[in-house]
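# Chains, contacts and geometry: an overview
Read off the chains here:
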Amino acid sequence: MFQEERLIAIVQKLNEKQRITVTEICEWLQISWDTARRDLIKLEEQGSIIRTRGGAMLPSISKEVPNYEQRLQLDTPSKQAIGRLAATLIHDGDYLYTDSSTTVRCAMESMRTRRNVVVTNSIDLAGMLTQKDEIRIHLLGGLLDNEQRLVFGARTLEMLSEYQVDKALLGTCGIAPHGLTTMFEEESYLIRQVMRKSDQVIVLADHTKFGKKLFHRVAGLEGIDMIVTDREPSDEMKEELHKHQVELLIAGEGEHHD
């Protein structure tokens, strides 16, 4: 087995069990201690693992954030299923806030209601919504993040302060027992204000976002009313959601769980 193949195999094993020892790697891949150690050094240089005494673990903080176009391609069937379920929560005449999440975009594509008002910081979502009838769009102004195609900054916060909405539909980079996290520190200020200005906060998150922690904490679970996802999260996560009275909706199950 070539080194590149071993590196991929080690990362896959870590995704299954979180930690691994050098001894386990040697026995599993039938390689020497020195070879296993060189493989771990290489993986650490790539930022894929953190070496520990006698082994390795995955970093507790996720650092890779795809751009908007890449996010559009990720796990599309799951996002579409979540979007269809989330769209059923929107009623005629609702005033909404929607962020730049591609899962939220799926919800808005599935929306069949009328006379809605939508406030958004997503230039792509605003463009898509122009194709729908009887909808008023308020696109927030400010600085444009070219990669993520979202607007942020002081002017954005100032404009948002003028609005109050019935429902906020938000995506997230990561959701863990301590709350929502993101790599986009600037947008997190906007999301916090959105949560304060919304009567109901609905987070749309596919199963890959659960247990994922990123650099910047956006908000705790106490700020969320409902989560729409595609699979049951872990027992620990469900316990935290129950503790904070967050309603959980699973796409495809046709029922909800509190």
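Below is a short write-up of the structure. (Residues numbered from 1 in each chain as written. Predicted model: local features only at pLDDT ≥ 70, side-chain atom pairs only at ≥ 80, totals over all residues. Heavy atoms only, no water.)

### Details of the pattern of salt bridges
- Within the structure shown, the criterion is met by 11 salt bridges.
- The salt bridge involving Glu158 is made with Arg155; its shortest N-O contact spans 3.4 Å. Of this pair, Glu158 and Arg155 are both found in helix H8 (residues 154-160), 3 residues apart, which corresponds to roughly one turn of the helix.
- Taking the relative accessible area as the measure of exposure, Glu158 reaches 46% and is therefore partly exposed.
- Residue Arg155 is classed as partly exposed on the basis of its relative accessible area of 42%. (Salt bridge = Lys/Arg side-chain N within 4 Å of Asp/Glu carboxyl O. Helix = DSSP H or I, 4+ residues; strand = E, 2+ residues; numbered from the N terminus. Buried < 20%, exposed > 50% of the residue type's maximum accessible area, 1.4 Å probe, protein only.)

### Comments concerning the sheet that holds strand S2 (residues 50-52)
- As summarised here, the arrangement of the 3 strands in space is S1-S3-S2, forming an open sheet in which the pairing is antiparallel. A single partner strand is all that each edge strand has here, and the edge strands are strand S1 (19-21) and S2. Going from strand to strand, the sheet's axes swing by 25° on average, the running direction of each strand aside.
- The strands touched by helix H1 (residues 3-17) within the sheet are S1 and strand S3 (55-57), with S1 carrying the most contacts at an inclination of about 125°. (Pairing = 2+ DSSP bridges. Axes fitted to C-alpha atoms, helices over the stretch in contact; angles between N-to-C directions. Contact = heavy atoms within 4.5 Å.)

### Thoughts on the nonpolar core
- Judged by nonpolar contacts, the single largest core of 29 residues is most densely connected at Tyr97, Leu140, Leu170, Ile224 and Ile227.
- The set of elements that each furnish at least two residues to this core consists of H8, strand S9 (165-170), helix H9 (185-196), strand S12 (198-204), strand S13 (216-219), helix H10 (235-243) and strand S15 (247-250).
- Take this core: its biggest share by element is 4 residues, from H9.
- Not counting residues up to four positions away in its chain, the partners in contact with Ile224 are Leu180, Met195, Val201, Val203 and Val246.
- Of all hydrophobic cores here, the second largest spans 21 residues; its members include Leu89, Ala107, Ile202 and Leu249. (Core = buried A, V, L, I, M, F, W, Y, C linked by side-chain atoms within 4.5 Å.)

### Examining helix H5 (residues 76-87)
- Compared with the 16 Å implied by 1.5 Å per residue over 12 residues, the 16 Å span of H5 between its first and last C-alpha is a close match.
- Burial in H5 covers these residues: Ser78, Lys79, Ile82, Gly83, Ala86 and Ala87. Projected down its long axis, H5 carries its buried residues within an arc of 160°, all on one side. (Expected span 1.5 Å × (residues − 1). Arc of directions from axis to C-beta.)

### Overview of the packing of H5 against helix H6 (residues 102-110)
- The interhelical angle for the contact between H5 and H6, taken along N-to-C directions, is 50°, at an axis separation of 7 Å. Of the possible angle classes, the one that applies to H5 and H6 is oblique. Between H5 and H6 the crossing geometry is right-handed. Contacts between H5 and H6 involve Lys79, Gln80, Ile82, Gly83, Arg84, Ala86 and Ala87 on the former and, on the latter, Thr102, Thr103, Cys106, Ala107 and Ser110. (Parallel < 35°, antiparallel > 145°, perpendicular 65-115°, else oblique. Left-handed = near helix turned anticlockwise from the far one by under 90°.)

### A short note on the sheet that holds strand S10 (residues 174-176)
- Sheet architecture is open: 3 strands sit in the order S10-S11-S13, paired in antiparallel fashion. Across the chains shown, the open sheet's two edge strands, defined by having one partner strand only, are S10 and S13. Within the sheet, the average angular offset between the axes of one strand and its neighbour, ignoring direction, is 40°.
- The sheet contacts of H9 involve strand S11 (179-182) and S13, and relative to S13 the element is tilted by about 15°.

Remember, this is a structural readout, not a statement about activity or role.
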